[in-house]
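Descriptive structure summary
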Amino acid sequence: MSADTNKESVEPSKDTGMEEVVSLCARRGFIFQSGEIYGGINGFWDYGPLGVELKNNLKSFWWQRMVRERPDVEGIDSAIITHPRTWEASGHVEHFSDPMVDCRACKKRFRADQLDEAPKCTETKGGVHDLTEPRDFNLMLSTQIGAHADAASTAYLRAETCGSIFTGYRRVREVARKKIPFGIAQIGKAFRNEINPRNFTFRSREFEQAELEFFCHPDQTDEWFEHWSEVRLAFHRDLGFGEGNLRTRSHGEDELAHYCKKAVDLEFLFPFGWQEIEGIHDRGSYDLTQHAEFSGKELSAMVEETKERFVPAVVETSVGVDRTALAILCAAYDEEELEGGDTRTVMRLSPIVAPLKAAVLPLSKKLAEPARKIAAELRRRWNVFYDDAGNIGRRYRRMDEAGTPFCVTYDFDSEEDHKVTVRERDAMSQERVPVEGLAAYLRERLEAHL
Ligand code: GAP
């Protein structure tokens, strides 16, 4: 089984390069290297003040659509370190590996199926690597629990969040008094010791997944697979992805993971090509059959009318939160020529995920008091920025780079007419709005997308 069976793309890149996105992310504090002051740690990333808001908004939107709006789905939040038997039962201890090769000359390590993208060898004359035979490299990260570090104390950091959904399935079903079909959803960290982390956060060693495991009768799998594929496509379209940058791709037989009968990837057109952001999987009855066998517990269900016993099948939707956040950032990035020859960088983020929904910018520091009052009022509902320092044009540009949909300017006329100017980020249009109706005005526009 390959940890990431996605085929590398040959599609041309978009105009926006990754360098611009990476640079803006660091400059504005969306995402930057973890342990930056020590030179960074490969495959690990930190989200700054804007990044954490964006990521939390994305997770909340997923939770809203997949859990709160669904009477047939329950949410959980399970431990990162799961009982070690979980990963024996799931097949991860045995199969969760990528083929790895080492160069005897430069000592670098590569994934054998990605050699065409490897940089040239720095130690041989022609730059050709002197490679070892491929061997399987297990991607699970392990740790030791307790005072004695021996084989018995080894535990794994989960490689996917669904493991504990399967081990908790019986308890959740009982406490939530659910009948099949129903689903269990979870958002959380997953860890994979990737051989070549790359493309910014795209392939990391620590990342977040949002997963739904939907338990149904095996005869109904196709129906539910269709249903969830549509729901998931609609979710990505609501985030602003469309025909130009979102597509589906079915896995060929040779690409399927060991637990999988059928898989469809949702792919996004990144600057480095089409790549998977979400997988929809027909896992059959593999998981509950395995866990029933390894735990000795009864995990089957019964059709009430016929009393037929069956092991529920699972349709899974598994989206990478960090990958989707990266897709959102790439799609939003724009450089726009302005009249007079200036260029502005603007993040055209959907209000659903925008880290700041509005900024309050008084024209002068003398107007700080009433402007701060407006900001405080708006903060009761949204994440709102306040800034009274410097040139107003520069303040607008900073908010464009942060992707803030609305800037609210309090000027000297506001003192008289009790109105503020609301500037919309994308069209840069401006409108006078009464202070009294400002929250309602913003709510209508911010929530028009929902
Ligand atoms: N439970 C099924 C599962 O984990 P997967 O295709 O291996 O399936 C699902 O992973 C999603 O998790 C991927 O579509 C991707 O968005 C995200 N993902 C997987 N490996 C990743 C990595 N190394 N870095 C960032 N995201 C990753």
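Basis of the calculations
- Note that residues are indexed from 1 along each chain, following the sequence as it is written.
- For a predicted model such as this one, the threshold for reporting local features is a pLDDT of at least 70, and the threshold for listing and counting side-chain atom pairs is 80 or more; totals across whole chains, interfaces and linings nevertheless cover every residue.
- In computing side-chain values, all of the structure's heavy atoms are included and hydrogens and water are not.
- Criterion for a salt bridge: a side-chain nitrogen of Lys or Arg within 4 Å of a carboxyl oxygen of Asp or Glu.
- Note on conventions: DSSP H or I runs of at least 4 residues are helices, E runs of at least 2 residues are strands, and numbering of each starts at the N terminus.
- For the exposure calls, accessible area comes from a 1.4 Å probe over protein chains only, and a residue counts as buried if that area is under 20% of its type's maximum, exposed if over 50%, partly exposed in between.
- Each domain's extent was defined by an automatic or database domain assignment.
- We call a residue near a molecule or strand whenever a single non-hydrogen atom of that residue lies within 4 Å of it.
- We define a polar contact as two N or O atoms separated by no more than 3.5 Å, with the added condition that, inside protein, one atom must be a possible hydrogen donor and the other a possible acceptor, whereas residues neighbouring each other in sequence contribute only through side-chain atom pairs.
- Here, Shrake-Rupley sampling with a 1.4 Å probe gives the accessible areas, and only protein chains in the shown set may cover a residue.
- A pair of strands is considered paired only if DSSP assigns at least 2 bridges between the two.
- Axes here mean lines fitted to C-alpha atoms, for a helix over just the part in contact, with angles spanning 0 to 180 degrees between N-to-C directions.
- Contacts between residues were defined by any pair of non-hydrogen atoms, one from each residue, lying within 4.5 Å.

**So, the pattern of salt bridges**
- With the rule as written, the count across this model stands at 41 salt bridges.
- The closest approach of N and O atoms between K179 and E304, which form a salt bridge, is 3.8 Å. You can see K179 sitting in the loop between helix 5 (163–175) and strand 9 (182–191) and its partner E304 sitting in the loop between strand 14 (301–302) and strand 15 (309–310), a full 125 residues away along the chain.
- Residue K179 is classed as exposed on the basis of its relative accessible area of 57%.
- Classification of E304 as partly exposed rests on a relative accessible area of 46%.

**Overview of unusual backbone geometry**
- Along the chain, I180 connects to P181 via a cis peptide bond; the corresponding omega equals 5°.
- Its location among the elements puts P181 in the loop between helix 5 and strand 9.
- Its identity as a non-glycine residue notwithstanding, K107 has a phi of 70°, on the positive side.
- Here K107 shows up in the loop between strand 4 (97–102) and strand 5 (109–111).
- Residue K107 is classed as exposed on the basis of its relative accessible area of 64%.
- Unlike most non-glycine residues, M428 shows phi in positive territory, near 60°.
- Looking at where M428 falls in the secondary structure, it is placed in the loop between strand 22 (419–424) and strand 23 (430–434).

**Regarding the domain arrangement of the protein chain**
- You can read the domains of the protein chain as domain 1 (13–87 + 139–329), domain 2 (97–138) and domain 3 (356–447).
- A straight line from the C-alpha centre of domain 2 to that of domain 3 covers 54 Å.

**A short note on the site of the ligand**
- Near the ligand, the surroundings consist of 22 residues, among which E160, E194, E211, E276 and I277 are the closest.
- At a separation of 2.8 Å, a nitrogen atom of the ligand approaches a polar side-chain atom of E194.
- In the environment of the ligand, an oxygen atom lies 3.0 Å from a nitrogen or oxygen atom belonging to the side chain of Q209.
- Its free accessible area being 560 Å², the ligand has 95% of it covered by the protein chains.

**Observations concerning the sheet that holds strand 16 (residues 313–320)**
- As summarised here, the arrangement of the 7 strands in space is 3-9-10-16-13-12-11, forming an open sheet in which the pairing is mixed. Every interior strand has two partners, whereas the edge strands, strand 3 (73–75) and strand 11 (246–250), have only one. Here the average twist between neighbouring strands, direction ignored, is 25°.
- As paired elements, strand 3 and strand 9 share 3 bridges and run parallel to each other. Each residue of the ladder has a partner; that of E74, found in strand 9, is I184.
- Of the strands in this sheet, strand 3, strand 9, strand 10 (206–216) and strand 16 touch helix 2 (residues 49–68), which is tilted by about 160° from strand 9.
- Here helix 8 (residues 321–332) sits on the sheet and contacts strand 9, strand 10, strand 12 (262–270), strand 13 (273–284) and strand 16; the angle it forms with strand 12, its principal contact strand, is near 35°.

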